[in-house]
Structures are given as C-alpha cells and as structure tokens.
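Topology and contacts: notes
Each chain, letter by letter, is given below.
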Amino acid sequence: MDPFVVVGGDAAGLSAASKCRRESDREVIVFEKGQWISYAHCGTPYFVEGSVDRLTDLLSLSPAEAEARGIDLRRGHEVVSVDAEDRTVTVRADGERFEQPYAELLVATGASAAAGPFDRSLDGVFSLHGLDDAAAIDAYLAAPDDYDPARLGDGPVDRDRVDHNAALEPPERAAIVGGGYVGVEMAEALSARGVDVHLYQRSAHLLTPFGAAVGERVESTLRDHGVTVHTDTEVDALVGDERVAALRIDGDERPVDVAILGVGIRPNTALLDGTGVDRGPSGAIKTDDYGRTSLPAVYAAGDVATARHAVTGAETWVPLGLTANRAGRAIGSTVAGDPTPVGDVAGTAVVKAFDLECGRVGLVDESAATDAGFDPVSETITAGSRSGYYPGNEETTVTLVADRTTGRVLGGSIVGRDRAAVRIDTLATAIEADLTVAELERLDLAYAPPFSPVWDPVLVAAKVVN
Ligand code: FAD
C-alpha cells in the first residue's frame, strides 16, 4: 500500500502523522519545505518581547522525536504540485524533482503573511510568520553591541538574515501596520524592547473580530502604556532606499525605522492549483466533516482549510492553533482506520494587551448575528472579577449575544484584567452544548472570593439578557 503523505511539518501535519503512526502501522511521510518542524508561531511575539528566553523554547517535537514515532520526516522538501488522478505529488528538494505516490494525502501547508501594498524587501520591514521572522526582528531591534545570539539556541535558524539585521543600527520608532491580534501583541513586544510604538488600524477599532467593547478598552490600555494608537487610519506605503525611512498616509510622510506588517494571512494553496479542488472563504480549501477535500483521498487541515462554524453551520475560515491540531489529529485517526470528525469551530480566541485580557467566541455583536440570519438580542455588562472586598477585584466587561426567538447563546466577548480571558471558555462550552441563555444562567459555576463573585460575570450577563 502506498504511504499516507503529509505536506507541512507543523501543527496540523505533525498531529496527523503522529496520531496515524500511534494508531496503525501505516507508512507516513511528512514533507516540510523549511527546516523547522513542530514550532509555536503563537509564542513568537513573546520571544521578540524577551519573556521567552530562547527561540528553541518554542519547539515542541524535535526531528529525532518525530522519527522515533516512526514518521519518515523529510525537511527541505517542498511539494509543488498534486496529481489527484494518479495519486502522486511532485516534490522539489536539493534542486531536483521527484514523484511520490500516496494512498492518502493531507495538505497541511498553513498560511503565509500577506504584504498588502507594502515593500517587504526594505530593511526594517517585517511580517511575523515563523521562527526565522522572529529571529530576524529580534536581531534588528538589538544594538549591534548588545545582540545576544545565544537567544537563538541551536535550531536551524536563517543565520544570514539574522547577521544582516543584527549589524544594523537599532530602531527608535516603530510602526505596526494592522491592529489584529498579531499587531496588538507586537505593539506590546516592541514597547518592552524600548521602541516608540505607533499602531495603525484602518477601521474604527483594534481587534475587530472581538467587537467594539473589547477594542475600546484595548486602545485605552495601549495608550496608557505609551503606544500611540491611530484608528481609522490607512497606511498607503512604506518608503525608504535600502532601509525603511517613513510611512506614507494621505500624502504625508511620517518617519519610522521599523515596520511590522500585521495585515492578514493567506492560505498556502498553490500546490493544488490546477486540480480543480473546491475552495471556500478566503480561498481556503473546502473540507467536509472529516477534513476531506473535493479530491479523492485528499484531506486538508489547519490554516489552509475551511471548517464548519459551530453557530451558523456555514463554511468558515478560522486559522487558529487548536483548530489545526485538532483537525490534524482527527484526520490521523481517520487514515489509521477510525473515522473521526474534525469538529466545528466557534472562533474562540484570546489575546493579551499588556495586563488586559480579551476573549471572543461565536458571533460577538448583533450585526454579525443578523447577517447570519438570527434575530439577536445582546447586552454588555460590567461586573467584578472577584468578591468586591477581596484584593485584586477588577472590572470585567462581558458582551453576550443570543437569539431572541430560541434563546440560544450565539456568542460574546469578555475583557478585563483578572482572568477575563479564560472566562470565554464558559461561553465556548455553552455554544458547543447549544445552551439557551436561561440554561447558561443556571450553570453551577464555581465561587470563592479570590476567584469570582457569587455571580460570575458570565452569569450576570446571562441574567441581564434572559
Ligand atoms: P503552520 O503552522 O503554518 O505550518 C504549515 C507548515 O507547512 C509550515 O512549516 C510550512 O513551511 C509548510 N509548508 C507550506 N507549504 C509547503 C509545501 N508546499 N511543501 C512542504 N511544506 C510546506 N493561534 C492561536 O490559536 N492562538 C494564538 O495565540 C496564536 N498566535 C499566533 C501568533 C502568530 C505570530 C502567528 C503567525 C500565528 C498565531 N496563531 C495563533 C495561529 C497558529 O499558529 C496557526 O493557526 C497554526 O500554526 C496553524 O497550523 P498549520 O499546521 O495549519 O500551519
């Protein structure tokens, strides 16, 4: 039997490969075009910030550990095309090409950072997508005399890029272009590195998918920490000769010596061009409940794939870490002979802005719910995070959205300073269980003064909406 071939050696790909090997004696080949495998994108802002000591702390499984699981791991191997009729992939490695037959194929190629209209070839212009980007930004931020290459650890880092950036004068003024979660995390990271940070967001609020109530508190927290936040502001271009010197807005040039682009990501689907595979939102590969694409024996998972929305039932694209790991693991089981659904996604997400914690799940405001065909009702409440008399009590703002007709919980957001983010998991669970607001209100949530008031902020919101 031909092997199970996996393209992509990170969250979705290695979860699938590991699970399949654990549950069967199938031959599993993983092609990874880069040198890093099993790394945490999510930790890269914290490496740049300095709160993660070494780049290699962000690795989970080493190549040797993957091979010890019986995975045939081929780094430096890029899959350039798929012949779904012949069930072969074409692989490029060391300047050569070869064909690899497969019995089943998993496309777990992730996404790439979009550059928008910006010139990423200028020194000082970066996206953050992967460990080499994190290493390059870290090197650029450091003064040549202060740069500590020991922070890189002993991984397969792109040393030429690091050395080039480490030799340049450190920046004083940063522009973060894009106010999504990567932009917000990098605003905090660059502030910690002593840079004067300006954050530019095209729309009215930061963290648009979290809703306005969260965005407003994030903006004021960033300002309190010295970040200059420019909302409703579109950056037109980054200009400079070799090194970025300014950004252009409405014909004005504002000086800047480092720019971080957080202007979105695009699914890496090029290897399926010409196959006629069905696409979904944002061009991601359309998948069914088992992660199958429209091509026979071809699965897709993670940032490259669509998923079904837990609230609307519609096809959606939510490129997040658990989605990738979970879908990969399920497909690994399916290929091993135990058909396992990949699960729906509710878009549950959390992010930190300095000491402020934000969470969101499902449909976070009435307009999103109306667009999805519901008749929504929503309330935003503010309640304490602990008993009022107990030290550390913090204002927690909860927005809860429900369907007026059925009472079903549709989504919401939470923002505050004292474990606000983890409270979103209560709402995520309510959505998964299809609870109504009345059922949510009756949940027996834990109470003791150091952890919660008698009525947890989520229960307060449910009482008000009900
Ligand atoms: P990836 O992790 O991108 O892996 C895809 C792999 O495929 C890559 O190694 C790539 O080199 C390889 N590849 C691509 N094309 C080919 C090819 N043709 N041939 C061979 N190999 C190929 N998510 C959260 O849930 N929480 C967070 O806090 C969070 N923070 C993040 C912070 C940052 C800065 C970034 C960039 C992402 C963050 N994410 C977060 C998102 C999360 O990291 C991704 O959803 C997750 O990594 C997706 O896993 P994946 O396996 O689909 O793709």
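This text follows the structure it describes.
Residues numbered from 1 in each chain as written. Predicted model: local features only at pLDDT ≥ 70, side-chain atom pairs only at ≥ 80, totals over all residues. Heavy atoms only, no water.

Attention shifts here to the packing of helix H1 (residues 11–23) against helix H8 (residues 321–336). Orientation of H1 relative to H8, taken along the N-to-C sense of each, is 30°, at an axis distance of 7 Å. For the pair H1 and H8, the sense of crossing is right-handed. Touching Ala11, Ala12, Ser15, Ala16, Lys19, Cys20, Arg22 and Glu23 of H1 are Ala324, Asn325, Gly328, Arg329, Gly332, Ser333, Val335 and Ala336, all from H8. Residue classes in the contact of H1 with H8 are distributed as seven nonpolar, five polar and four charged. (Axes fitted to C-alpha atoms, helices over the stretch in contact; angles between N-to-C directions. Helix = DSSP H or I, 4+ residues; strand = E, 2+ residues; numbered from the N terminus. Left-handed = near helix turned anticlockwise from the far one by under 90°. Contact = heavy atoms within 4.5 Å. Nonpolar A, V, L, I, M, F, W, Y, C, P; charged D, E, K, R; others polar.)

On to the site of the ligand, then. Around the ligand sit 28 residues, and of these Asp10, Glu32, Tyr39, Asp303 and Gly321 come closest. With respect to the ligand, the backbone of Leu320 contributes an N or O atom lying 3.3 Å from an oxygen atom. Considering the ligand on its own, with 1000 Å² of exposed area, one finds that the protein chains cover 89% of that surface. Of all the secondary structure elements, the ones that give two or more residues to the shell around the ligand are H1, strand S2 (28–32), strand S4 (78–83), helix H6 (181–192) and H8. Of the residues contributing to the shell around the ligand, the split by class is 14 nonpolar, nine polar and five charged. (Near = heavy atom within 4 Å. Polar contact = N/O pair within 3.5 Å; in protein donor to acceptor, adjacent residues only side chain to side chain. Areas by Shrake-Rupley, 256 points an atom, 1.4 Å probe, with all protein chains shown as cover.)

Let us now look at H8. Side chains that are three or four residues apart share a direction in an α-helix, a result of its 3.6 residues per turn. Taking 1.5 Å of rise per residue, the 16 residues of H8 would be expected to cover 22 Å, and the 23 Å separating its terminal C-alpha atoms lies within 8% of that figure. When we look at burial in H8, the residues that qualify are Thr323, Ala324, Ala327, Gly328, Ala330, Ile331, Gly332, Ser333, Thr334 and Val335. Where H8 is buried, its residues touch strand S1 (4–7), H1, strand S7 (104–107) and strand S18 (298–300). Just downstream of H8, Gly337 is the residue with a positive phi angle, here 115°. (Expected span 1.5 Å × (residues − 1). Buried < 20%, exposed > 50% of the residue type's maximum accessible area, 1.4 Å probe, protein only.)

Bringing the sheet that holds strand S24 (residues 395–403) into the picture now. Strand order in this open sheet of five strands is S21-S22-S25-S24-S23, and the pairing throughout is antiparallel. In this open sheet, the two strands that pair with only one neighbour each are strand S21 (349–353) and strand S23 (376–384). Adjacent strand axes in the sheet meet at a mean angle of 15° when their direction is disregarded. Across six bridges, strand S22 (residues 356–362) lies against strand S25 (residues 409–416) in antiparallel orientation. Bridge pairing in S25 links Arg360 to Ser413. This element, helix H12 (residues 457–465), spans S23, S24 and S25 of the sheet and lies at about 140° to S23. (Pairing = 2+ DSSP bridges.)

Now for the pattern of salt bridges. Across all of its chains, the model carries 21 salt bridges by this definition. For the salt bridge of Glu104 with Arg26, the shortest nitrogen-to-oxygen distance reads 2.7 Å. Of this pair, Glu104 sits in strand S7 while Arg26 sits in the loop between H1 and S2, and the two are 78 residues apart along the sequence. Like Glu104, the residue Arg26 is buried in the burial classification. A salt bridge links Asp434 to Arg408; the shortest N-O distance between them is 3.3 Å. Residue Asp434 is located in the loop between helix H10 (424–432) and helix H11 (437–441), and its partner Arg408 is located in the loop between S24 and S25; the two are separated by 26 residues in the primary sequence. A residue is classified by how much of its surface remains accessible, and Asp434, at 46% relative accessible area, is partly exposed. It is possible to trace a salt-bridge network through shared partners that takes in Asp138, Arg151 and Arg193. (Salt bridge = Lys/Arg side-chain N within 4 Å of Asp/Glu carboxyl O.)

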